Amino acid sequence: MRITNKIMQNNSLYNINNNKITEDQLNTMLATGKKITRPSDDPVIAIRALRLRSNVTQLSQYYEKNAKDAESWLDVTADALSTVTSVLTDAVKQATKGANKDLTVDDLETIVAQMEALSKEYYATGNVDYAGRYIFTGYRTDTSLTFPTTTTADYTGINDEFNATDVSTSSRVSGMSKLESTNLLAQSTEAVVEESNIVEYNVGKIRLSYDNLNYRSGDKDFSAPSLKWRENLKQPATSTVNGNAELIKLTYTTALGETHHVSLPTPDGLEKGESYTITSEGIVYNVTSNADGSHNIKATEGGTEYEFVVDKNGVYDTSRQSSNIESGTASTETVQKTTLTFTNEQGERVSFKLPLVDAIGQTYNMKLDYNGKIATAVINSDGTYTVTDASVTNNIDGTITRNIINVTANGSVYSSYKETTLEIPSSNMIYTTTSEEDIDEVYRTLDSTPTGSVAYLNAATGEILLNKELSDKLATLPKLINANSIDVVYDKKEWDSGDIRPQNLFNCTYTDDNGKKILYNKGSAAHDIAYDVGFAQSVVVNTTADAVFTTGVKRDIDDLSNMLGTLKQIKATIKTLEEKLSGAAKESAEWNKIDAELSAAQKAYNYQRESIQKEFEHKITSLQGALDTANIAVTDNGTRSKRLDLVNSRLMTQTTTFQSLQSENEDIDLATTVTQLTSAQVTYEASLMATGKISQTSLMNYI
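Residues numbered from 1 in each chain as written. Predicted model: local features only at pLDDT ≥ 70, side-chain atom pairs only at ≥ 80, totals over all residues. Heavy atoms only, no water.

J.: Where do I start with the overall build of the chain in this structure?
T.: Secondary structure summary: the chain contains nine helices and 28 strands in total. Taken over C-alpha atoms, the radius of gyration comes to 39 Å for the chain, far larger than the 27 Å a tight globule of 703 residues would show. By principal-axis analysis of the C-alpha atoms, the chain measures approximately 170 × 75 × 50 Å. For the chain, with 703 residues in total, the buried portion stands at 43%. Per element, the accessible surface of the chain, about 35000 Å² overall, is 49% carbon and sulfur. Across the chain, the 65 positively charged side chains and the 93 negatively charged ones have centroids separated by 6 Å. (Helix = DSSP H or I, 4+ residues; strand = E, 2+ residues; numbered from the N terminus. Rg over C-alpha atoms; globule rule 2.2 N^0.38 Å. Buried < 20%, exposed > 50% of the residue type's maximum accessible area, 1.4 Å probe, protein only. Areas by Shrake-Rupley, 256 points an atom, 1.4 Å probe, with all protein chains shown as cover. Lys, Arg positive; Asp, Glu negative; His and termini not counted. Charge placed at Lys NZ, Arg CZ, Asp CG, Glu CD.)

Written as structure tokens, this is what we have:
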């Protein structure tokens, strides 16, 4: 091949340019510190860089933000729980001190005052917040645990739940009202109060979480409170997820501007004897299928009917809606069905099919009809279900029994039991206006009626009073899986500062000033707030109020305060009688009357002093139980903190590893790059010199 000078010159210029490009690339790498400036420089490095940067960004989010925030939340919770345990420990010590029978009334008054201060601190700690979010109120982080001031708030259907161990004894010394010092100061002509008039009665008791309940004598809108107790079914309910159900998800607006959402099972593919009827917001829905695959929906609200048509493709047909409908949309969805089976009291195996329809933000009902058996399923706002068998047993003692199954969102059985309900009529109510003599009569009635199911509600003190048979029955109820064995349902409207808001502990309904009802905790799902702290890893950071706090602490101390007040009153009566006795002629009729009353008062004092001493002993156990509950919460919070520490350690290692990989992939080695740049510069200068020499020589030099 013939090589000309021109070819040599062109090749030299090409190499000069390449050397210059290499030098420029190395200069850019040295200036930026990166191996590439655009993906085309090295596609392999670019692709790997994108993946590594994504990993580093995610890890930084987990390690530097999520995990730190979770750690702060857990630390604030730990500090609050430490305060709670310290307060309860002091309360137990004070209760132990108060159980000493040798203490004077003044000593007891000092102890109770200290316990009241501890109680206030206990509940105040429940209002601790982290970054403006209350830490013990579950999802309701904008609402404090307790009421900050005395207020009026209408709560109905408060489900106050207990177990057999919560059934205790209520003692009352009857006849004490006759010994009030104000009555004795008057020269009464009434019969002498003898020792025999002072009688102590003991009846069963369930102390509710609140006192001063929303019941008044002569109330025309009286809503009977109810006492419920639960026992195991003959055979616990089981569930099997099998089969599917077709749903129509309907949203529509009426001509009045009201918007409704509902999920409706269609009749398509159902077995013979299987049907469903939805009731939501007081509207009853019925779905029928047409031969062309479309569906007619009829909704009835009182005397008003709404009609809709959804075609076979699940499209809402606006041309066939009723005239009282403004607009509507629809879609279809296939969901699973679960079959629930249990054995009733008659030994019969009963089954229901439950479509796992969606939660829609409010509670609604679905009537289940399967092979002639009927049940009602309540779809709770948290996606869980409460299924109640329509078959009811009317018992001879006036109670009724139903079979109930609680189902999780995925169709498995959460709990199942038979529930017996005893409604408490207005005739069995003790109000704040009820006289002491009438309350004495209630205790006498319960004591003299040992058989059957007899219960009274003391709305003033917040206590269910029980006769012997019912008390014994409730005290021996078995423990249930995922359910408490006793439930008392009542209403309350007036609240004191420091009272725990019922939605933080109980299933209840709140009615606001506009008459709107808000349903709380109508389901079994937990209020867990979880932080994502890693790939497919999360840590629950919150501790809910029911895992730490109980209304029992305040109620315990209120009990002691009330009993102490009664004891002080009897002591004052004794002092009054002693003064009157010293001024009366000995052995006179007046002296004998006062002496008999003094003996009766002393007997009442002894009864009350014995009772308060026993009550302090009971409070030791009760407050220790509250302390044990708080300690469990401390352990649980500590366990989550420890797990987060391990996750943090792993995240730190992973972050360092991925940052190193990212640096190795993207960043230059400075020494190597400087060496390469120096070499490129020398090469470039050498190529210039070589090209210059080649350019100086041509064929003309030899002619």
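J.: Please clarify how the packing of aromatic side chains should be interpreted in this entry.
T.: Two descriptors summarise a pair of aromatic rings, namely the distance from one centre to the other and the angle between the planes of the rings. What the rule picks out here adds up to 16 aromatic pairs. Linked through ring pairs, Phe-147, Tyr-155, Tyr-210, Trp-495, Phe-506 and Tyr-510 together constitute an aromatic cluster. Over the ring of Trp-495 we find Lys-492; its NZ or CZ atom is 4.9 Å from the centre of that ring. (Phe/Tyr/Trp six-rings, centres within 6.5 Å; stacked < 30°, edge-to-face > 60°. Lys NZ or Arg CZ within 6 Å of the ring centre and 35° of its normal.)

J.: Sorry if this is basic, but what is going on with the environment of Thr-318 here?
T.: As for its position among the elements, Thr-318 is in the loop between strand 12 (304-310) and strand 13 (325-343). Its relative accessible area of 52% is what places Thr-318 among the exposed residues. Along the sequence, Thr-318 and Gly-328 sit ten residues apart, while their C-alpha atoms lie 7.2 Å from each other.

J.: Which parts of the structure should I look at to understand the pairing of strand 17 (residues 385-389)?
T.: Two faces make up the sheet, and in a regular strand the side chains alternate between them. Of the two faces of strand 17, only the one carrying Tyr-385, Val-387 and Asp-389 is buried; Thr-386 and Thr-388 on the other face are not. Sheet topology places strand 16 (residues 373-379) next to strand 17; five bridges connect them, and they run antiparallel. Paired with Ile-379 across the two strands is Tyr-385, which belongs to strand 17. Between strand 16 and strand 17, which pair antiparallel in sequence order, lie five residues; one of them, Gly-383, sits at a positive phi of approximately 90°. (Pairing = 2+ DSSP bridges.)

J.: Looking at this model, I keep getting lost on the pattern of salt bridges. Mind explaining?
T.: When charged atoms on two side chains of opposite charge get close, those side chains can pair. Taken as a whole and judged by the stated rule, the model has 30 salt bridges. In this structure, Glu-161 engages Arg-230 in a salt bridge whose closest nitrogen and oxygen atoms are separated by 3.3 Å. Highlighted residues: Glu-161 in strand 3 (residues 151-162) and Arg-230 in strand 6 (residues 226-231), separated in sequence by 69 residues. Taking the shortest distance from any N to any O, the salt bridge between Asp-559 and Lys-619 comes out at 3.3 Å. Of the two residues, Asp-559 is situated in helix 7 (residues 552-583) and Lys-619 in helix 8 (residues 589-666); the sequence distance between them amounts to 60 residues. Residue classification places Asp-559 among the buried residues on the basis of a relative accessible area of 11%. Residue classification places Lys-619 among the buried residues on the basis of a relative accessible area of 4%. Three or more residues are tied together by salt bridges with common partners; here these are Glu-161, Lys-228, Arg-230, Glu-419 and Asp-487. (Salt bridge = Lys/Arg side-chain N within 4 Å of Asp/Glu carboxyl O.)

J.: When you look at the sheet that holds strand 21 (residues 429-430) in this model, what are you seeing that I'm missing?
T.: Sheet strands pair by backbone hydrogen bonding; their relative direction is either parallel or antiparallel. With mixed pairing, the five strands of this open sheet are ordered in space as 4-5-23-22-21. Two strands in the sheet have a free side with no partner beyond their single neighbour: strand 4 (167-174) and strand 21. Looking at chain direction, strand 4 and strand 5 (residues 199-207) are connected through eight bridges and run antiparallel. Residue pairing across strands places Ser-168 opposite Lys-205, the latter belonging to strand 5.

J.: How should the nonpolar core be read in this particular structure?
T.: Within soluble globular proteins, side chains that are nonpolar generally end up buried alongside one another. Core analysis: the largest hydrophobic core is formed by 103 residues, its most contacted members being Tyr-155, Ile-206, Leu-227, Ile-464, Leu-466, Leu-474 and Phe-616. Of all the elements, helix 8 adds the most residues to this core, at 17 residues. Residues in contact with Ile-206, not counting those within four places in the same chain, are Phe-162, Asp-166, Val-167, Leu-227, Gly-462, Glu-463, Ile-464, Leu-466, Leu-474 and Ile-486. Listed in part, the 41 residues of the second largest apolar core include Tyr-276, Val-287, Tyr-306 and Val-350. (Core = buried A, V, L, I, M, F, W, Y, C linked by side-chain atoms within 4.5 Å. Contact = heavy atoms within 4.5 Å.)

J.: Would you mind going over the packing of helix 7 against helix 8 with me for this structure?
T.: Geometrically, a packed helix pair is captured by the angle between its two axes and the distance between the axes. Running from N to C, helix 7 and helix 8 point in directions that differ by 160°, and their axes come no closer than 9 Å. Regarding the angle of helix 7 to helix 8, the classification is roughly antiparallel. Here the hand of the crossing between helix 7 and helix 8 comes out left-handed. The residue inventory of the contact of helix 7 with helix 8, partitioned by class, reads 19 nonpolar, six polar and ten charged. (Axes fitted to C-alpha atoms, helices over the stretch in contact; angles between N-to-C directions. Parallel < 35°, antiparallel > 145°, perpendicular 65-115°, else oblique. Left-handed = near helix turned anticlockwise from the far one by under 90°. Nonpolar A, V, L, I, M, F, W, Y, C, P; charged D, E, K, R; others polar.)

J.: Teacher, can you tell me more about the side chain of Lys-205 here?
T.: Within the element layout of this structure, Lys-205 appears in strand 5. Exposure remark for Lys-205: the relative accessible area of 9% places this residue in the buried category.

J.: Which parts of the structure should I look at to understand a nonpolar patch on the surface?
T.: A cluster of nonpolar side chains, namely Leu-30, Leu-670 and Val-674, defines an oily patch on the protein surface of about 240 Å² accessible area. Accessibility expressed as a relative area gives 38% for Val-674, which makes it partly exposed. (Patch = residues over 30% accessible without salt bridge, like charges linked within 9 Å, V, L, I, M, F, W, Y side chains within 5 Å.)

J.: How do you make sense of the sheet that holds strand 7 (residues 235-254) when you look at a structure like this?
T.: Reading across the sheet, the four strands line up as 8-7-13-14 and stay open at both edges, with antiparallel pairing between neighbours. Since the sheet does not close on itself, it has two edges, and those belong to strand 8 (259-265) and strand 14 (349-355), each with one partner. Sheet twist, expressed as the mean angle between neighbouring strand axes with direction ignored, is 25°.

J.: Whenever I open this one, helix 5 (residues 436-448) confuses me. Can you help?
T.: Two residues of an α-helix separated by three or four positions point the same way, owing to the 3.6 residues in each turn. Under the 1.5 Å per step criterion, the end-to-end length of helix 5 is 18 Å for 13 residues, consistent within 8% with the ideal 18 Å. Residues of helix 5 that are buried make contact with strand 4, strand 5, strand 21, strand 22 (455-458) and strand 23 (463-466). (Expected span 1.5 Å × (residues − 1).)

J.: What is the right way to look at the pairing of strand 9 (residues 274-280) in this model?
T.: Only one face of strand 9 is covered, namely the one carrying Glu-274, Tyr-276, Ile-278 and Ser-280; the face carrying Ser-275, Thr-277 and Thr-279 has none of its residues buried. With antiparallel pairing between neighbouring strands as the criterion, strand 9 and strand 10 (residues 283-289) make up a hairpin whose turn holds two residues, including Glu-281 at a positive phi of roughly 55°.

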